[in-house]
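Here are the chains, one letter per residue:
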Amino acid sequence: MNEVKVKIINTSRHELPAYATVDSAGMDVRANLDSPVTLNPMQRALIPTGLKVELPSGYEMQIRPRSGLALKHGITLVNTPGTIDADYRGEIGVILINLSDRPFVVNDGERIAQMVVAPYTRVTWEDADSINETDRGDGGFGHTGVG
């Protein structure tokens, strides 16, 4: 496990995101709201966090759904994972959507997502006229018939 220092500005009234356990990969992110936001079924909203970060070059931050919100309330993220690039300096927002059949209220300070910071790899494309064959070939989207 690597550790990297990341500068953060917290304009919310809430504690900084933190790992819940020693082996947690993600940190919970909280809503920073002046008043509750009601998400009706199939409605989405951008929920502010009050957080701005300065990621080191070569790192990204992914914003991911919280499994408890998804299972218990049908609340997830529209673009998952959401990617925060190292050169982004604005406030981190979380696009929540309500996939359930009843309204859900997002309250100030509620844990709405989790963030994972990780290094990434950049590719250099190499033009080719062919690529190596494999047993799988171009089979995809359930081609094995399993699950």
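Our structure is the block above this text.
Below is a short write-up of the structure. (Residues numbered from 1 in each chain as written. Predicted model: local features only at pLDDT ≥ 70, side-chain atom pairs only at ≥ 80, totals over all residues. Heavy atoms only, no water.)

## Regarding the sheet that holds strand β7 (residues 75–77)
To keep things clear, this is the line we draw: Here, a strand pair is defined by DSSP locating no fewer than two bridges between the strands. The way it works is that DSSP assigns letters per residue, a run of H or I at least four long becomes a helix, a run of E at least two long becomes a strand, and they are numbered from the N terminus. Angles here are taken between N-to-C directions and fall from 0 to 180 degrees, while the axes themselves are lines fitted to C-alpha atoms, restricted in helices to the stretch in contact.
Read across the open sheet, the three strands follow the order β4-β9-β7; overall the sheet is antiparallel. The open sheet has two edge strands with one neighbour each: β4 (44–48) and β7. Recorded for the sheet is a direction-independent mean angle of 40° between the axes of neighbouring strands. Relative to strand β9 (residues 93–98), β4 runs antiparallel, the two being bridged by five bridges. Paired with R44 across the bridge in β9 is I97.

## Here's the deal with the side chain of S100
For clarity, the threshold we go by: Residues adjacent in sequence count toward polar contacts only when both atoms are side-chain atoms; beyond that, a polar contact is any pair of N or O atoms within 3.5 Å, and within protein one must be able to donate a hydrogen and the other to accept it.
Along the chain, S100 falls in the loop between β9 and β10 (104–106). At 2.6 Å, the side chain of S100 and the side chain of N98 are in polar contact. Side-chain polar atoms of S100 contact the backbone oxygen of R102, separated by 2.9 Å.

## With respect to the layout of surface pockets
Empty space among the atoms can be located by rolling a probe the size of a water molecule over them. This is how it is decided: Grid spacing is 1 Å over the protein atoms alone, the probe is 1.4 Å, and a cavity is where that probe fits but cannot get out, while a pocket is an open set with protein on both sides within 12 Å along at least five of seven lines and lining residues have an atom within 4 Å of a point. Grid points are joined across faces, edges and corners, and a volume is the space filled by probe spheres set on the points. In this count, Pro and Cys sit with the nonpolar residues alongside Ala, Val, Leu, Ile, Met, Phe, Trp and Tyr, while Asp, Glu, Lys and Arg are called charged and the others, Gly among them, polar.
Its boundaries defined by the atoms lining it, the largest pocket holds a volume of some 660 Å³. Around the largest pocket sit 23 residues that line it, and V4, V6, Y19, M27 and V117 are the ones nearest its centre. For the lining of the largest pocket, the element with the most residues is strand β11 (residues 111–119), which contributes five residues. Residue classes in the lining of the largest pocket are distributed as 18 nonpolar, three polar and two charged. Computed from the structure, the second largest pocket encloses a volume of approximately 160 Å³.

## Remarks on the nonpolar core
Taken as a class, soluble globular proteins show a tendency for nonpolar side chains to be buried jointly. We count it as follows: Only buried residues count toward a nonpolar core, which is a set of Ala, Val, Leu, Ile, Met, Phe, Trp, Tyr and Cys residues joined through side-chain atoms within 4.5 Å. Throughout this description, buried means an accessible area under 20% of the type-specific maximum (1.4 Å probe, protein chains only), exposed means over 50%, and partly exposed covers the range between. Contact between two residues is taken to exist if any of their heavy atoms lie within 4.5 Å; hydrogens are not considered.
I63, L96 and V106 are the most contacted members of the largest nonpolar core, which has 25 residues in total. Elements with a minimum of two residues in this core: β2 (27–30), β4, β5 (51–54), β6 (59–64), β7, β9, β10 and β11. Those residues in contact with V106 that sit more than four places away from it in its chain are A31, L33, P36, V37, L39, I47, L96 and I112.

## Focus: the pairing of β11
Here β2 pairs with β11 via four bridges, running antiparallel. Its bridge partner being in β11, M27 is matched across the sheet by M115. Two strands pair when backbone bridges link them, and β6 and β11 are joined in this way by six bridges, in the antiparallel orientation. By the bridge assignment for β11, R64 is matched with Q114.

## Concerning the pattern of salt bridges
Spelled out, the test is: We count a salt bridge whenever a side-chain nitrogen from Lys or Arg sits within 4 Å of a carboxyl oxygen from Asp or Glu.
Summed over all chains, the structure comprises five salt bridges. With a closest N to O distance of 3.3 Å, R66 and D28 form a salt bridge. Here R66, found in the loop between β6 and α1 (67–73), pairs with D28, found in strand β2; they are 38 residues apart in sequence, far enough to count as distant. Judged by relative accessible area, R66 falls into the buried class, the value being 17%. Exposure remark for D28: the relative accessible area of 23% places this residue in the partly exposed category. In this structure, the salt-bridge partner of R111 is D28, at a minimum N-O distance of 2.9 Å. Placement of R111 in strand β11 and of D28 in strand β2 is noted, with a sequence separation of 83 residues between them. One continuous salt-bridge network, built from bridges that share partners, spans D28, R66 and R111.

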